[in-house]
Amino acid sequence: MSNRIAPKLLAEFIGTFALIFIGAGAGAVVGDGVGLPGLAAIAFAHGLTVMVFAFAYGPVSGGHFNPSVTVGVLAAGAMRVGEAAGYIVSQLIGGIAGALLLRAVLGGAETGLGTPALAHNVALGATTLTVTAWAGFVIEATLAFFLVTVVLSTAVAGRAGALAPLAIGMTLTLNIIMGGALTGAAFNPARALGPMVATGNFNDAWLYLTAPIVGAIVAAIVHTCLARLVQQRTPSPGAARMPAE
């Protein structure tokens, strides 16, 4: 392992480890059936964790902490395949390690350790809703699309400057407030896989591992197309200008 990639992989491991230990830990501690205040607490636990560690490790690794973000950055042409593979392995290991430590400090897996799950008979207004696998896939892919879009438009494109971690953390928070009661709002294969390994519960694992990747690739395609359209519409500095008639 080269000296250049090692700090990046360590940063991704620590950031993902913290996201699962704090974010999934908040889900385990707060639990289900606590309404919007509890869901907001879980959402902010995730969003603030990503924000502070992106501030801390953004200059080192970019602060992905999510394989779908790494895939999106790769698909947008902003990193190399080998580097992306190393990031994803570090993130998955960090997620599993965070969940295993969470299981140890909570005395077992009985709390669920924040494992995401599709909602069954959740009360929504005057009705109840059971989220199907198809609907769950769409929700997880859409939430990942939003997150990766913000990452590419702020951190990668540099439009938000030093405030990129704030924008990314707030996107994570808003996503979970909307989708937390429906799918658990993981939209992060490492966030889903860690608690699944620690609890032995792999229900709908295919959905939580693939949907965010699909959303990330779509986000990268849209980002690239928009960037090309903006370039085509922006005249070059040396272009000749026609005199006013």
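Being a predicted model, the structure only gives us computed values, none of them experimental.

Parameters at a glance
Residues numbered from 1 in each chain as written. Predicted model: local features only at pLDDT ≥ 70, side-chain atom pairs only at ≥ 80, totals over all residues. Heavy atoms only, no water. Helix = DSSP H or I, 4+ residues; strand = E, 2+ residues; numbered from the N terminus. Rg over C-alpha atoms; globule rule 2.2 N^0.38 Å. Buried < 20%, exposed > 50% of the residue type's maximum accessible area, 1.4 Å probe, protein only. Areas by Shrake-Rupley, 256 points an atom, 1.4 Å probe, with all protein chains shown as cover. Lys, Arg positive; Asp, Glu negative; His and termini not counted. Charge placed at Lys NZ, Arg CZ, Asp CG, Glu CD. Axes fitted to C-alpha atoms, helices over the stretch in contact; angles between N-to-C directions. Left-handed = near helix turned anticlockwise from the far one by under 90°. Contact = heavy atoms within 4.5 Å. Expected span 1.5 Å × (residues − 1). Salt bridge = Lys/Arg side-chain N within 4 Å of Asp/Glu carboxyl O.

Observations concerning the overall build of the protein
Looking only at helices and strands, the protein features eight helices and two strands. Secondary structure elements in the protein, listed N-terminal to C-terminal, are α-α-α-α-β-β-α-α-α-α. For a compact globule of 245 residues, the expected C-alpha radius of gyration is about 18 Å, and the protein comes in at 19 Å, within 12% of that figure. For the protein, the C-alpha atoms occupy an extent of roughly 75 × 55 × 30 Å along the three principal directions. Per-residue burial over the protein gives 44% buried out of 245 residues. Of the accessible surface of the protein, which amounts to about 12100 Å², a share of 68% is contributed by carbon and sulfur atoms. Side-chain charges of the protein comprise 9 positive and 7 negative groups, with the mean position of each set lying 15 Å from the other.

Things to note about the packing of helix α1 (residues 6-30) against helix α4 (residues 81-105)
Two elements in contact, α1 and α4, have axes separated by 7 Å at closest approach and are oriented at 35°. Between α1 and α4 the crossing geometry is right-handed.

Remarks on the environment of Ala 141
By the element assignment, Ala 141 lies in helix α5 (residues 133-156). On the basis of relative accessibility, which here comes to 11%, the residue Ala 141 falls in the buried class. Residues Ala 141 and Gly 215, 74 residues apart in the sequence, show an inter-C-alpha distance of 4.2 Å. Apart from the residues within four sequence positions on either side, Ala 141 is in contact with Ala 211 and Gly 215.

Considering α5
Helix length check: α5, at 24 residues, gives a terminal C-alpha distance of 32 Å against a target of 34 Å (1.5 Å per residue), a fit within 8%. Every buried residue of α5 is accounted for by Gly 136, Ile 139, Glu 140, Ala 141, Leu 143, Ala 144, Leu 147, Val 148, Val 150, Val 151, Leu 152 and Thr 154. If you follow the buried residues of α5, they end up packed against α3 (67-75), α6 (164-183) and α8 (205-233). Following α5 by one or two positions, Gly 158 adopts a phi angle in the positive range, close to 75°.

Structural notes on the environment of Ala 43
With respect to the helices and strands, Ala 43 occurs in helix α2 (residues 35-61). As a C-alpha pair, Ala 43 and Ala 26 span 17 residues in sequence and 8.9 Å in three-dimensional space. Excluding its chain neighbours within four sequence positions, the residues that come into contact with Ala 43 are Thr 173, Ile 176 and Ile 177.

Here we look at α8
Its 29 residues give α8 an end-to-end C-alpha distance of 43 Å, which sits within 8% of 42 Å, the value for a rise of 1.5 Å per residue. When we look at burial in α8, the residues that qualify are Ala 205, Leu 207, Tyr 208, Ala 211, Pro 212, Gly 215, Ala 216, Ala 219, Ala 220 and His 223. Turning to α8, the residues buried within the fold contact α3, α5, α6 and α7 (189-199).

Topic: the pattern of salt bridges
According to the stated counting rule, one finds one salt bridge in the structure shown. Linking Glu 83 and Lys 8 is a salt bridge whose minimum nitrogen-to-oxygen distance equals 2.7 Å. Here Glu 83, found in helix α4, pairs with Lys 8, found in helix α1; they are 75 residues apart in sequence, far enough to count as distant.

Brief notes about unusual backbone geometry
With a phi angle near 55°, Phe 65 is a residue other than glycine that sits in the positive phi range. Among the secondary structure elements, Phe 65 is positioned in the loop between α2 and α3. The phi angle at Asp 204 is positive, at roughly 60°, despite the residue not being glycine. Following the sequence through the fold, Asp 204 ends up in the loop between α7 and α8.

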